[in-house]
Amino acid sequence: MLLREFERVLCNVTAAVGVDVNGACSYDHMHGLLTFVPGLGPRKANNLKQNVARIGGAVSSRKSILVKRLLGPIVYNNSVAFLRVRATDKLQDQMLHPLDDSRCHPDVYQRNRWAVKIAVDA
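All values reported here derive from a predicted model rather than from experimental measurement.

(A) Quick peek at the overall build of the chain. Summing up its helical and strand segments, the chain has eight helices and two strands in all. When the helices and strands of the chain are placed in sequence order, the string is α-β-α-α-α-α-α-β-α-α. Expressed as a percentage of its 122 residues, the buried residues of the chain come to 40%. Residue pairs at least 24 apart in sequence account for 48% of intrachain contacts in the chain once pairs closer than 6 positions are excluded. Here the chain displays about 7,700 Å² of accessible surface, and carbon together with sulfur accounts for 57% of that area.

Spelled out as structure tokens, the structure:
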């Protein structure tokens, strides 16, 4: 019963804060966080880590997660709002979308250009 409560708290905190997908796939001690991302679970989190390693170890945008087929479309839609894409050493030369490091779902900032303007102006 205590373990079930612990898992529930971890899921809630992960949903509230989000997980840096590049950090979680690069460092073993952070990989466990992916398990608690809503929509993933242990098996899909492990597949995501393996797929990110297969493409070179870094995700440059949330959209690339779907384009490079790192996650299926339904799993992507359910979990992408909780995955953050932050700058890493491997992504130094690339321009990252400012809202990829937020809790906004990509559908929101693709349909509503105002969200991008607010993030760029901030």
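(B) Representation of the environment of Ala45 within the structure. Relative to the elements of secondary structure, Ala45 occurs in helix H4 (residues 41–54). Residues Ala45 and Leu33, spaced twelve residues apart in sequence, show a C-alpha to C-alpha distance of 8.8 Å. Not counting residues up to four positions away in its chain, the partners in contact with Ala45 are His31, Leu34, Thr35 and Leu40.

(C) Structural detail: H4. Compared with an ideal rise of 1.5 Å per residue, which puts 14 residues at 20 Å, H4 spans 20 Å between its outermost C-alpha atoms and is within 8% of the ideal. If you check which residues of H4 are buried, you get Gly41, Ala45, Leu48, Lys49, Asn51 and Val52. Projection of H4 onto a plane perpendicular to its axis shows the buried side chains occupying an angular sector of 165°, all on one side. In H4, the exposed residues that point more than 90 degrees away from the buried face are Pro42, Arg43, Ala53 and Arg54. Contact partners of the buried residues in H4: helix H2 (21–26), helix H3 (28–35) and strand E2 (83–84). Phi turns positive one or two residues past the end of H4, at Gly56, with a value near 120°.

Cut-offs and rules
The residue numbering used here restarts from 1 in each chain and proceeds along that chain's sequence as written. At least 70 in pLDDT is required for a residue's local features to be given in this predicted model, at least 80 for side-chain atom pairs to be given and counted, and no such filter applies to totals for whole chains, interfaces and linings, which use all residues. Side-chain measures here rest on the full set of heavy atoms in the structure, leaving out hydrogens and waters. Per the convention used, a helix needs a DSSP run of H or I reaching at least four residues, while a strand needs a run of E reaching at least two, with both numbered from the N terminus. Using a 1.4 Å probe on the protein chains alone, a residue whose accessible area is under 20% of its type maximum counts as buried, one over 50% counts as exposed, and one in between counts as partly exposed. Any pair of residues with heavy atoms lying within 4.5 Å of one another is described as a contacting pair. Every accessible area reported is derived by Shrake-Rupley at a probe size of 1.4 Å, with residue values counting cover from the shown protein chains alone. One less than the number of residues in a helix, times 1.5 Å, gives the span that helix is expected to have. Throughout, the arc means the angular range of directions from the helix axis out to the C-beta atoms.

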